Amino acid sequence: MHVNAYAASSATSPLEPTTIERRDVGPKDVLIDIAYAGICHSDIHTIRGEWGDVPYPLTVGHEIVGTVAEVGADVTSHKVGDRVGVGCMVNSCRECENCLAGEEQYCEKGNIGTYGAKDVDGTITQGGYSEKIVVDEHFVLRVPESIPYEKAAPLLCAGITTYSPLNHWNAGPGKKVAVVGLGGLGHMAVKIAHAMGAEVTVLSQTLSKKDDGLKMGADHYYATKDEETFETLKKSFDLIINTVSAPLDLKQYLGLLALNGTMVNVGAPPEPLPIQVFTLFTNRRSFAGSSIGGIRETQEMLDFCAENGIAPETELISADQINEAYERVLKSDVRYRFVIDAKTFAPA
């Protein structure tokens with residue numbers, strides 16, 4: 001089937017209306033009528049060729065919520081009318097050790113991304129800036145009714161990207177967690193860490209978003225442009241979640257870790273990050289990275305957010321505002337995630 005979408009034809013081209021092809025619904029497939037699609041900084045990095053070669057033309061978008069329109073003959077986990085979501089991956093080998101452990105994001109053969117990846121049939125996957133998508137049922141998630149529909153999409157990337165390291169490194173009562181950056185990822189990290197019971201500190205360049213951060217659950221808020229911040233908070237944190245996609249002075253930030261503390265990067269700057277190994281020796285510090293979560297953990301995150309009344313802070317836009325939204329993301333001019341109304345992908 002052909003569906004309306006937005007795509008970019010090169011690294012320097014704006015996204016424009018187009019049509020893309022979706023495969024027929026197979027025995028284990030789910031056809032989803034997309035309701036909302038979130039804009040992630042990863043979409044911009046990808047479209048602009050900052051993370052490597054891109055198979056243009058490409059439709060991006062891996063924060064997707066919608067309604068099941070059709071299911072294949074062998075589908076057992078979803079039915080027509082269900083409210084569902086799709087995140088950053090749409091397939092994996094499901095046979096390797098990592099997949100069998102429920103960590104499909106670390107598939108040893110490489111998971112198949114929601115856009116820009118070679119699918120099992122040899123075609124290139126196209127993402128959620130479109131009216132419909134066809135996905136294997138295993139990679140389709142249930143979106144609880146208590147999560148506002150128009151706000152749910154960013155949970156499928158920003159939500160799980162921050163929930164996974166907080167969960168893995170045991171954020172909770174008695175733990176001091178710092179979140180670097182209060183953007184699309186950072187604001188979700190604050191809300192989730194607070195709900196887990198951790199003491200949460202935001203480290204942002206300035207104090208311009210302090211009131212927002214405190215309302216979201218942060219206990220403390222510091223400006224990193226103030227050099228005294230790094231002296232004041234030296235050896236303070238058990239866990240630092242770095243959400244920014246820009247280079248940082250890692251020596252400064254690692255110096256904020258307490259004994260056995262860990263700094264985890266979830267933001268992904270295109271440039272290499274230099275690190276002085278001696279900085280890790282003090283306090284037996286760790287520097288780590290974390291991707292998204294597996295399907296099981298992503299469903300756990302959605303249920304956790306529903307139970308704790310957590311939803312992203314979003315700004316709803318129409319498809320013809322996507323290019324403007326990209327520029328605003330790059331200027332940090334969004335509080336805190338853009339969501340596209342999928343009805344507007346249809347021609348006027």
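Residues numbered from 1 in each chain as written. Predicted model: local features only at pLDDT ≥ 70, side-chain atom pairs only at ≥ 80, totals over all residues. Heavy atoms only, no water.

### So, the environment of Ser 318
Topologically, Ser 318 is positioned in the loop between β16 (314–317) and α11 (322–330). The spacing of Ser 318 and Ala 342 is 24 residues in sequence and 7.7 Å in space, taken between C-alpha atoms. Discounting residues that sit within four places of it in the chain, Ser 318 has contacts with Ile 340 and Thr 344. Side chain to side chain, Ser 318 and Asp 320 meet in a polar contact 2.5 Å long. (Helix = DSSP H or I, 4+ residues; strand = E, 2+ residues; numbered from the N terminus. Contact = heavy atoms within 4.5 Å. Polar contact = N/O pair within 3.5 Å; in protein donor to acceptor, adjacent residues only side chain to side chain.)

### Observations concerning the domain arrangement of the chain
Domain boundaries in the chain define domain 1 (2–156 + 313–344) and domain 2 (159–289). Distance from the C-alpha centre of domain 1 to the C-alpha centre of domain 2: 28 Å. Contacts between the two partners involve 12 residues from domain 1 and, on the opposite side, 16 residues from domain 2. Here domain 1 meets domain 2 over a buried area of about 1,100 Å², counting both sides, of which 51% is carbon and sulfur. The tally of links from domain 1 across to domain 2 stands at 2 salt bridges. The salt bridge partner of Lys 191 is Glu 313, with a shortest N-O separation of 2.6 Å. Inspection of the domain 1/domain 2 interface yields 8 residue pairs in polar contact (both at pLDDT 80 or more). Across the side of domain 1 that touches domain 2, the residue classes break down as 5 nonpolar, 3 polar and 4 charged. (Domains from an automatic or database assignment. Buried area = accessible area lost by both parts, 1.4 Å probe. Salt bridge = Lys/Arg side-chain N within 4 Å of Asp/Glu carboxyl O. Nonpolar A, V, L, I, M, F, W, Y, C, P; charged D, E, K, R; others polar.)

### Re the pattern of salt bridges
By the definition in use, this model includes 16 salt bridges. Note that Arg 335 and Asp 212 form a salt bridge whose closest N and O atoms lie 3.0 Å from each other. With Arg 335 in the loop between α11 and β17 (337–341) and Asp 212 in helix α6 (residues 210–216), this residue pair connects regions lying 123 residues apart in the sequence.

### Description of the sheet that holds strand β11 (residues 199–204)
Here we have 6 strands laid out as an open sheet, ordered β12-β11-β10-β13-β14-β15, and parallel in their pairing. Single-partner strands in this sheet number two, and they are β12 (220–223) and β15 (286–289). Looking at each pair of strands side by side, their axes are set apart by 20 degrees on average, direction ignored. Strand direction decides the pairing type here: β11 and β12, joined by 4 bridges, are parallel. (Pairing = 2+ DSSP bridges. Axes fitted to C-alpha atoms, helices over the stretch in contact; angles between N-to-C directions.)

### A look at the UniProt feature "domain: Enoyl reductase (ER)" (unreviewed entry) in the chain
Using the residue numbers shown here, the UniProt feature "domain: Enoyl reductase (ER)" (unreviewed entry) corresponds to residues 10–340. End C-alpha atoms of residues 10–340 are separated by 21 Å, and the span's content is 25% helix alongside 25% strand. (UniProt positions renumbered as here; feature names shortened; annotations may be inferred.)

### Thoughts on helix α5 (residues 184–196)
Two residues of an α-helix separated by three or four positions point the same way, owing to the 3.6 residues in each turn. Helix length check: α5, at 13 residues, gives a terminal C-alpha distance of 19 Å against a target of 18 Å (1.5 Å per residue), a fit within 8%. Most of α5 is tucked away, with 11 of its 13 residues classed as buried. Among all positions of α5, only Gly 184, Leu 185, Gly 186, His 187, Met 188, Ala 189, Val 190, Lys 191, Ile 192, Ala 193 and Met 196 are buried. Elements in contact with the buried residues of α5: α4 (158–168), β10 (176–180), β11, α6, α10 (295–307) and β17. (Expected span 1.5 Å × (residues − 1). Buried < 20%, exposed > 50% of the residue type's maximum accessible area, 1.4 Å probe, protein only.)

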